[in-house]
Protein chains: 2
Amino acid sequence: MRNLKITLAYDGSGFHGWQVQPERPTIQGTLAAAIERLTGSQVLPQGSGRTDAGVHALAQVASCQIDAGIPTENLARALNHVLPPAIRVLSVEEAAPEFHARRSAHAKTYRYRIFRGEICSPFLARYVCHYPYPLDEKAMCDAAAVVTGEHDFTSFAAVDPERGRDDEEASNVRTIYSSEWKRTEYEETQHAASLQRAYEFVYTVRGSGFLHHMVRNLVGTFLLVGKGTLDRAAIKRILDAHDRSAAGPTAPACGLYLVSVEY
Amino acid sequence: MRNLKITLAYDGSGFHGWQVQPERPTIQGTLAAAIERLTGSQVLPQGSGRTDAGVHALAQVASCQIDAGIPTENLARALNHVLPPAIRVLSVEEAAPEFHARRSAHAKTYRYRIFRGEICSPFLARYVCHYPYPLDEKAMCDAAAVVTGEHDFTSFAAVDPERGRDDEEASNVRTIYSSEWKRTEYEETQHAASLQRAYEFVYTVRGSGFLHHMVRNLVGTFLLVGKGTLDRAAIKRILDAHDRSAAGPTAPACGLYLVSVEY
């Protein structure tokens, strides 16, 4: 039996999230069907974590065990041949027998894209959260810095019925290595003239692990800071409250990207 | 009666082209329905030209006459409120009574995007033509230059059942002001690490007007030059043949953008 590490990018807008569901297109289910079609084996690839419906990935990682002898490079090419264009296998590698995409991960990076401009480009509508109203971006940068370090993130975690299966996941303490907002300007060539003055305000967060909805709840809370509803000091109080209702709303899924997983 | 100039961007992938059709979503039909919903008037906005199914626009222009008194800025905002995110009104302006989006146009610019890299980003699949095989890009640049100037483009025109209604359109002679291929590199932040070495090879053409399928037929022919099937001198022979069968195939719609219309 070979243990494989599969790295994949996907446009999550047409899928009901990562996790396999009956009768609904999911990333995991679509990948499993492609592997079965090519190797004849029924396997369920294990992701580094579940992404919600509409959430994208630049480099999600999945592990699965197969006994087919097909070389990794050929398998990657063949998978891209049978998968829809919205899911691309970036690489397939042989992994050590103990490698598990979720349990072996020790850091992950997510990004959240907010489109700043009155009119959102039709080519970005599925790939960003459109927020054209005033935001105190400096306050949001300050607020983002508050969550770095080790904290109990209960206030930013959705109640997740599937958690608690593994002991190591029973705690809501996570370490955030970096947490920052930055502007990304557009190049002239990509969009219409009237969209050129628009830019994106992008949140990038790297941490030891993330609870369910945690990045979207952080972004929804930082947006309240940007609107002036909360001040920078509120983030510390929200962390200390250990209470989901203390934080802001969950930001829309379409702006979120799983950028990378570290092992 | 007011005459309006409407500038709009659209993602053509979910539409059966510009021109209204019964029972099928089109840009013209969707825009007409939005105008009717807001003003109560049944009008058919006239585009600067029809775009085919899957073809995009960064700044298509349409004209239409309405009698509602709503200010242009409010109309633009209201249209974006009722239109799907795949169609965005960039501006609405009052135009002179004689302004007509197609007849008043004196130049247009189109762009064609070819994704060069083994794996096409899932976020670009609808927005580029993916061609990962070797191309002699220098030969394509040379070939593109050959079509500048005034030529009869019959060899690059699809047989179009709707043409010939206006006398001015009976000729297949058009003037190309510029015609060139250029590389566009990707920024690190936009795509997965393994896609970073990819780039786009982009054709931009500006001319007095374009026949049906003309840009896609030019691109399909330049691709034959890039593959070595045709040499640079072939372009001149194809122009002189005045015969559609002399040129290459029609390139896929999804890579094509109407960039701008000049009046």
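Engineer: Run through the overall build of chain A, naming residues and quoting values.
Structural biologist: Scanning chain A from terminus to terminus reveals 5 helices and 10 strands. Computed over its C-alpha atoms, the radius of gyration of chain A comes to 19 Å, within 12% of the 18 Å expected for a compact globule of 263 residues. With respect to the principal axes defined by its C-alpha atoms, chain A has extents near 60 × 50 × 30 Å. Within chain A, buried positions represent 42% of all 263 residues. Taking the contacts inside chain A whose residues are at least 6 apart along the sequence as the reference set, 74% of them involve residues at least 24 apart.

Engineer: Describe the interface of chain A and chain B, with residues and values.
Structural biologist: On the chain B side, the residues contacting the 25 residues of chain A number 25 residues. Mapped onto the side of chain A that touches chain B, the elements with two or more residues apiece are strand 1 (2–10), strand 3 (56–66) and strand 4 (87–95) of chain A. If you tally residues by element for the side of chain A that touches chain B, the top one is strand 4 of chain A, at 4 residues. Each residue belonging to the side of chain A that touches chain B can be placed in one class, and the counts come to 16 nonpolar, 7 polar and 2 charged.

Engineer: How would you summarise the relation of the copies chain A and chain B if you had to cite specific residues and measurements?
Structural biologist: Its rotation angle being 180°, the transformation that places chain A on chain B also includes 0.0 Å of axial translation and leaves an RMSD of 0.0 Å. With respect to symmetry, the two chain copies, as superposed, fit the operation of a two-fold axis. In this assembly, 100% of the residues forming the interface of chain A have copies in chain B that are likewise at the interface, indicating an isologous arrangement.

Engineer: So, the pairing of strand 1 of chain A: which residues are in play, and what are the values?
Structural biologist: Residue and element names in this part refer to chain A. Where burial is concerned, most of strand 1 is hidden: 7 out of the 9 residues are buried. Sheet topology places strand 1 next to strand 4; 8 bridges connect them, and they run antiparallel. Considered in strand 4, the bridge of Ala9 is made with Arg88.

Engineer: A description of the packing of helix 3 (residues 137–146) of chain A against helix 4 (residues 214–227) of chain A should follow, citing residues and the corresponding values.
Structural biologist: All names here are of chain A. Interhelical geometry of helix 3 versus helix 4 gives an angle of 140° and a closest axis separation of 8 Å. Judged by the angle between their axes, helix 3 and helix 4 are oblique. Of the two elements, helix 3 crosses helix 4, and the hand of that crossing is right-handed. Each of Glu137, Ala139, Met140, Ala143 and Ala144 in helix 3 lies in contact with helix 4, whose residues at this interface are Phe222, Val225 and Gly226. Of the residues belonging to the contact of helix 3 with helix 4, the class tally is 6 nonpolar, 1 polar and 1 charged.

Engineer: Give a detailed account of the domain arrangement of chain A, specifying residues and quantitative values.
Structural biologist: All names here are of chain A. Taken domain by domain, chain A holds domain 1 (2–95) and domain 2 (107–262). With centres defined by C-alpha atoms, the gap from domain 1 to domain 2 works out at 26 Å. Each side of the interface is counted separately: domain 1 has 13 residues, and domain 2 has 11 residues. Partitioning the side of domain 1 that touches domain 2 into residue classes produces 6 nonpolar, 6 polar and 1 charged.

Engineer: Explain helix 4 (residues 214–227) of chain B to me, and be specific about the residues and the numbers.
Structural biologist: Residue and element names in this part refer to chain B. For helix 4, built from 14 residues, the straight-helix expectation of 20 Å at 1.5 Å per residue is met to within 8% by its first-to-last C-alpha distance of 20 Å. Counting buried positions along helix 4 yields 11 of 14 residues, so the element is predominantly enclosed. Against the buried residues of helix 4 lie strand 5 (107–116), helix 3 (137–146), strand 9 (199–207), helix 5 (232–241) and strand 10 (256–262). Downstream of helix 4 by a residue or two, Gly228 has a phi angle that is positive, lying close to 90°.

Rules behind the numbers
Residues numbered from 1 in each chain as written. Chains lettered and ligands numbered in written order. Predicted model: local features only at pLDDT ≥ 70, side-chain atom pairs only at ≥ 80, totals over all residues. Helix = DSSP H or I, 4+ residues; strand = E, 2+ residues; numbered from the N terminus. Rg over C-alpha atoms; globule rule 2.2 N^0.38 Å. Buried ≥ 20, exposed ≤ 12 C-beta atoms within 10 Å, placed from the backbone. Contact = placed C-beta atoms within 7 Å. Nonpolar A, V, L, I, M, F, W, Y, C, P; charged D, E, K, R; others polar. Least-squares fit on C-alpha atoms with pLDDT ≥ 70 in both. Pairing = 2+ DSSP bridges. Axes fitted to C-alpha atoms, helices over the stretch in contact; angles between N-to-C directions. Parallel < 35°, antiparallel > 145°, perpendicular 65-115°, else oblique. Left-handed = near helix turned anticlockwise from the far one by under 90°. Domains from an automatic or database assignment. Expected span 1.5 Å × (residues − 1).

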